Amino acid sequence: MISRRKAIGAIGAAGLLSGCDRIIASPTVRGVLRSAEGLTMRAQRLVTDRTALAREFGPVDLSPVFRSNGTAMPRSADYAAHLASRFADWRLVVDGLVARPLSLSLAQIGAMPARTQITRHDCVEGWSAIGQWTGVPLRLLLDRAGLRNGARYIVFHCADDFGAGKYYESIDLIDAFHPQTIMAWALNGQMLPVANGAPIRLRVERQLGYKHAKYVMRIEVVASLAAIGGGKGGYWEDSNDYEWYAGI
Ligand SMILES: Nc1nc2c(c(=O)[nH]1)N[C@H]1C(S)=C(S)[C@@H](COP(=O)(O)O)O[C@H]1N2
Ligand SMILES: [Mo]
């Protein structure tokens, strides 16, 4: 398709201006068009980049071991009890700005459509690993709960104590509805190991490692992050000034 700017140039060069073209050809209008075009392009690029898929790999690329980082075993008595009963009474809560709050067992989550993807995890501490993740797309959970007016962020409340409180993270709706954003319950074809976030952890493949909340107990839909932890949207954001938007 010929770009508008090229078209304007060609029309100008030919000197065959209709009334409408003459208006477009005037320098001020052209400037406005150009800046509008630039705006559209910048906005479009932003959106395109945000929704583009992360690279997916093949089984031969899998790391021999998918290491653990941060918490490898939550210390709370609650979590120990869940682990002992193999998460039989564990429930994932989805609440906040939703029409229908959810409380789902692992079996119910496992019965929902699942996506499997082999992706590379990048930790800011300087290591990467490729793993195969299986889980329910987050958007299916959010569709089931139904977002209410004002919903802007998704907050993940985790089971593990980290620093003073519990680990928490948050993402916006673009990442939440991204096709590769899943609540994973399996790694490399096995039930998710405790060290990697059992029974369920977030995979948000266009973001750095610390955004991938493990041991997720509750998914809260909010209008603002101001009342979450220190207000910056995540444990590392609040405690160590990590970027909230950790896009890769
Ligand atoms: N609940 C919780 N989630 C967490 C962490 C954690 O300590 N607790 N560590 C984060 C960091 S820094 C990374 S790199 C990944 C590590 O995931 P892994 O243990 O499966 O390698 O989990 C992230 N999510
Ligand atoms: Mo990390």
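Conventions adopted
Residues numbered from 1 in each chain as written. Chains lettered and ligands numbered in written order. Predicted model: local features only at pLDDT ≥ 70, side-chain atom pairs only at ≥ 80, totals over all residues. Heavy atoms only, no water. Helix = DSSP H or I, 4+ residues; strand = E, 2+ residues; numbered from the N terminus. Buried < 20%, exposed > 50% of the residue type's maximum accessible area, 1.4 Å probe, protein only. Contact = heavy atoms within 4.5 Å. Areas by Shrake-Rupley, 256 points an atom, 1.4 Å probe, with all protein chains shown as cover. Pairing = 2+ DSSP bridges. Axes fitted to C-alpha atoms, helices over the stretch in contact; angles between N-to-C directions. Phe/Tyr/Trp six-rings, centres within 6.5 Å; stacked < 30°, edge-to-face > 60°. Salt bridge = Lys/Arg side-chain N within 4 Å of Asp/Glu carboxyl O. pLDDT = per-residue confidence, 0-100. Core = buried A, V, L, I, M, F, W, Y, C linked by side-chain atoms within 4.5 Å.

Undergrad: So what exactly am I meant to see when it comes to the overall build of the protein chain here?
TA: From N to C terminus, the protein chain includes eight helices and 10 strands. With 248 residues in all, the protein chain has 43% of them scored as buried. Of the contacts made within the protein chain by residues no fewer than 6 positions apart, 67% connect residues no fewer than 24 positions apart. For the protein chain, the accessible surface area stands at approximately 12,700 Å², while carbon and sulfur atoms represent 58% of it.

Undergrad: I keep staring at the sheet that holds strand E10 (residues 216-222) and nothing clicks. Help me out?
TA: Sheet strands line up and pair through hydrogen bonds in the backbone, either parallel or antiparallel. Ordered in space as E2-E1-E10-E5-E6, the five strands form an open sheet in which the pairing is mixed. Each end of this open sheet is capped by a strand with a single partner; those strands are strand E2 (102-104) and strand E6 (165-172). This sheet shows a mean twist of 20 degrees between the axes of neighbouring strands, independent of strand direction. Contacts between helix H6 (residues 138-145) and the sheet are confined to strand E1 (92-96), E2, strand E5 (153-162), E6 and E10, with E2 contributing the most and set at about 130 degrees to the helix.

Undergrad: Can you walk me through the packing of aromatic side chains in this structure?
TA: The description of an aromatic ring pair rests on the distance of the ring centres and on the angle between the ring planes. Per the stated rule, a full pass over the model turns up 12 aromatic pairs. Arranged with centres 5.1 Å apart and planes meeting at 85 degrees, the rings of Phe66 and Trp133 form a pair that is edge-to-face. Here Phe66, found in the loop between helix H3 (27-51) and helix H4 (77-84), pairs with Trp133, found in strand E4 (residues 127-137); they are 67 residues apart in sequence, far enough to count as distant. Here Phe66 and Trp133 have matching classes, each one buried. Every member of this aromatic cluster is reached through a ring pair, and the members are Phe162, Tyr167, Tyr210, Tyr235, Trp236 and Tyr242.

Undergrad: Quick question: what am I supposed to make of the pattern of salt bridges here?
TA: Two side chains of opposite charge can pair, provided their charged atoms sit close to one another. In the structure shown here, the tally under the stated rule is 11 salt bridges. Its salt-bridge partner being Asp95, residue Arg218 comes within 3.0 Å of it at the nearest N-O pair. Of the two residues, Arg218 sits in strand E10 while Asp95 sits in strand E1, which places them 123 residues apart along the sequence. A residue is classified by how much of its surface remains accessible, and Arg218, at 29% relative accessible area, is partly exposed. When the shortest N-O distance is used, the salt bridge between Glu220 and Arg218 registers 3.4 Å.

Undergrad: Looking at this structure, I do not really get the confidence of the model for the protein chain. What am I missing?
TA: Atom-level detail of predicted coordinates should not be read off regions where pLDDT is low. Confidence along the protein chain averages 88 in pLDDT terms, with 81% of residues attaining 70 or more. The secondary-structure element of the protein chain with the lowest mean pLDDT is helix H1 (residues 4-14), recorded at 37, while strand E9 (residues 201-203) shows the highest, at 99. Scored below 50 in pLDDT, residues 1-24 shows 19 contacts in the model against residues more than four places distant or in partner chains.

Undergrad: Just checking my understanding: could you explain the nonpolar core for this structure?
TA: Soluble globular proteins tend to bury their nonpolar side chains together. In terms of nonpolar packing, the biggest core is built from 50 residues, with Leu138, Leu141, Ile154, Phe156, Met183 and Ile219 touching the most fellow members. Counting residues per element, this core draws most heavily on E5, at seven residues. Once residues lying within four places of it in the same chain are set aside, the contact partners of Met183 are Thr134, Gly135, Val136, Leu138, Leu141, Phe156, Ile200, Arg201, Leu202, Val216 and Ile219. Among the nonpolar cores identified, the runner-up in size contains nine residues, and Trp127, Trp133, Ile182 and Leu192 belong to it.

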